[in-house]
Amino acid sequence: MSKLEALRGMTAVVADTGDIEAIKTHKPEDATTNPSLILKAAAIPAYRPLLEKAAQWASAADNNDSMIANACDYLAVAIGKEILGIIPGLISTEVDARLSFDTEATIAKAKKLISMYEAEGVPRERVLIKIASTWEGIQAARKLEAEGITCNLTLLFNFHQAIACAEAGATLISPFVGRILDWHKSKLPDADFSGDNDPGVQSVARIYRYYKTYGHKTVVMGASFRNTGEIEALAGCDKLTISPDLLAELAADATPLVRRLEPQLTSADEEVKVDEATFRWAMNEDAMATEKLADGIRRFAADQQLLEQQLTELL
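Residues numbered from 1 in each chain as written. Predicted model: local features only at pLDDT ≥ 70, side-chain atom pairs only at ≥ 80, totals over all residues. Heavy atoms only, no water.

Digging into the pattern of salt bridges
Scanning the entire structure with this criterion turns up 24 salt bridges. The salt bridge involving glutamate 52 is made with arginine 48; its shortest N-O contact spans 3.6 Å. Taken together, the residues span about one helical turn, with glutamate 52 and arginine 48 both in helix α4 (residues 48-60) at a distance of four residues. For glutamate 52, a relative accessible area of 38% translates into the label partly exposed. Overall, the relative accessible area of 41% leaves arginine 48 in the partly exposed class. Across the salt bridge formed by aspartate 269 and arginine 206, the nearest N and O atoms sit 2.8 Å from each other. (Salt bridge = Lys/Arg side-chain N within 4 Å of Asp/Glu carboxyl O. Helix = DSSP H or I, 4+ residues; strand = E, 2+ residues; numbered from the N terminus. Buried < 20%, exposed > 50% of the residue type's maximum accessible area, 1.4 Å probe, protein only.)

Re the packing of helix α6 (residues 103-119) against helix α7 (residues 135-146)
Relative orientation of the contacting elements α6 and α7 amounts to 45°, with a least axis distance of 8 Å. One finds that α6 runs oblique with respect to α7. Of the two elements, α6 crosses α7, and the hand of that crossing is right-handed. Across from Thr103, Glu104, Thr106, Ile107, Ala110 and Lys111 in α6, the residues of α7 making contact are Glu136, Gln139, Ala140, Lys143 and Leu144. Residues of the contact of α6 with α7, tallied by class, amount to four nonpolar, three polar and four charged. (Axes fitted to C-alpha atoms, helices over the stretch in contact; angles between N-to-C directions. Parallel < 35°, antiparallel > 145°, perpendicular 65-115°, else oblique. Left-handed = near helix turned anticlockwise from the far one by under 90°. Contact = heavy atoms within 4.5 Å. Nonpolar A, V, L, I, M, F, W, Y, C, P; charged D, E, K, R; others polar.)

Thoughts on the packing of aromatic side chains
In the structure shown here, the tally under the stated rule is five aromatic pairs. Taken together, a centroid distance of 5.6 Å and an interplanar angle of 70° make the contact between phenylalanine 157 and phenylalanine 176 edge-to-face. One end of the pair, phenylalanine 157, is in the loop between β5 (151-156) and α8 (159-167); the other, phenylalanine 176, is in the loop between β6 (172-175) and α9 (177-187), and 19 residues separate them in sequence. We note that phenylalanine 157, like phenylalanine 176, is buried. Ring centres of phenylalanine 159 and tyrosine 210 lie 5.2 Å apart, and the angle between their planes is 85°; this geometry places the pair in the edge-to-face category. Taken together, the positions of phenylalanine 159 in helix α8 and tyrosine 210 in helix α10 (residues 199-213) put the pair 51 residues apart, joining distant regions of the chain. Relative accessible area serves as the criterion here: at 1%, tyrosine 210 is assigned to the buried category. (Phe/Tyr/Trp six-rings, centres within 6.5 Å; stacked < 30°, edge-to-face > 60°.)

Things to note about the sheet that holds strand β4 (residues 127-132)
On the basis of which strands lie adjacent, the closed barrel formed by eight strands has the order β1-β2-β3-β4-β5-β6-β7-β8 and parallel pairing. Shown here is a sheet whose adjacent strand axes are inclined to one another by a mean of 30°, direction ignored. Bridge count for β6 against strand β7 (residues 219-222) is two bridges, and the pairing is parallel. Paired with isoleucine 173 across the two strands is valine 220, which belongs to β7. Relative to the sheet, α8 contacts β5 and β6, its axis offset from that of β5 by approximately 170°. (Pairing = 2+ DSSP bridges.)

Quick notes on the nonpolar core
Core analysis: the biggest nonpolar cluster contains 100 residues, and Leu75 and Ile242 have the highest contact counts within it. Excluding residues within four positions of it along the chain, leucine 75 makes contact with Ile38, Ala42, Leu50, Leu51, Ala54, Leu307 and Leu311. (Core = buried A, V, L, I, M, F, W, Y, C linked by side-chain atoms within 4.5 Å.)

Points about α8
Of all the nine residues making up α8, seven are buried; the element is thus mostly covered by neighbouring parts of the structure. All of the buried residues along α8 are Phe159, Gln161, Ala162, Ile163, Ala164, Cys165 and Ala166. On its buried face, α8 is in contact with α7, β5, β6, α10, α13 (276-284) and α14 (287-312). Taking the backbone nitrogen of histidine 160 as reference, a side-chain oxygen 2.7 Å away marks asparagine 158 as the first, capping residue of α8. Backbone geometry just after α8 places glycine 169 at a positive phi near 85°. (Polar contact = N/O pair within 3.5 Å; in protein donor to acceptor, adjacent residues only side chain to side chain.)

Side note on the packing of α9 against α14
Following both chains from N to C, one finds α9 and α14 inclined at 120°, their axes separated by 10 Å at the closest point. Taken together, the axes of α9 and α14 lie oblique to each other. Between α9 and α14 the crossing geometry is right-handed. Seen from α9, the contacting residues are Arg179, Ile180, Trp183 and His184; seen from α14, they are Ala287, Met288, Glu291, Lys292, Gly296, Arg299 and Phe300. The class makeup of the residues in the contact of α9 with α14 is five nonpolar, two polar and four charged.

Structural notes on α4
The end-to-end C-alpha distance of α4, which contains 13 residues, comes to 19 Å, matching closely the 18 Å that a straight helix rising 1.5 Å per residue would cover. Within α4, burial applies to Leu50, Leu51, Ala54, Ala55 and Ala58. In a view along the axis of α4, the buried residues occupy a sector of 145°, so they form one face of it. Residues Gln56 and Ala60 are exposed on α4 and point more than 90 degrees away from its buried face. Where α4 is buried, its residues contact α3 (35-42), α5 (67-84) and α14. (Expected span 1.5 Å × (residues − 1). Arc of directions from axis to C-beta.)

Right, dumping it as C-alpha cells:
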C-alpha cells in the first residue's frame, strides 16, 4: 500500500489544482482552486475553448458587472464544472481577493457564482465558496451559511481566526501549513522545522484538537504543503488539499504511514469566544498571521489581474 492509499483510509484527500489531467490521475474526493491555480489552468491548451466560451458569455451577459469580471467568473465556474464531472465530492471556487475587506461585496459575488453554477446544472451543495479569513470575510461566510451557501475560509494562519470561522458556522477552513513554515524559516533559517517541529503542522493540529474538544463541526482541511513530511505529520486530519507533485510523491512511497490526529484527542486550550475586538487584537499580536494574510491576498489579487489581462485579449 502506498502512503497515498494509506492516507485515504484516514483523511479525505483533496487535489489542490485546476489541472483536469492531474485530477484524473490522482482521483481525489474533492478539489480546490484559487486565482493562482485558475491562472495556471488557463495556460493549459486543453482549456483554451473554456477561455473562448468565457469571453463569449461575458459579451452577452446582462448584469451590472464588467465584461472582464463576467469572463473571470465564467471561467472559474466552467473549470469547476469540468472538475466536478470527474470527482465525487466538492469544488472550492474563490471570491475575488480584492473583495476581502468588503462583506457585502463578498456576499454578492458568492451568490453570483452559486447562481452561475446552478444555471449550469450544478447544485450548490457541491460548491464551497472560498473566502479570505479576514473579519469581513468571516462575517460574509456567517450570512452565506445561514442562506445555505457553504464556505471554505482560506488564508488562515492564526488560532483565533480559526475559532472565529467555527463560531460563524463555516463549513470548512483551510489553514496554510507551508506559508506558516516559510515565515518562520525566513526568521530562523538554521532552525529544525522538520516533522512535529514544523510550526504550520503545530498550528493545524492545535486547531483540530480545539474543534474536536469543543464540538465545532467546521471541517479542518490543511493546505499549502511544502513537503510530504508535513502531510504525514497531519495524517488523520479531516481533509488535506495536496498539490499534484506531492500526491505523486505519496503514491510512489510504500513505507508505512502512521495516523497522527484522532477525533478523541483533547485540546490544551480553554474554550474562548472571539468577537471583533478579540480577533483584531489576536491578529495584531501575531506578526506571522498578519503578514501572511496580507501577502496571500496581494498574491491572489495579482494573479486575478493577470488572468483578467489574458481574458481581455479575447474580449
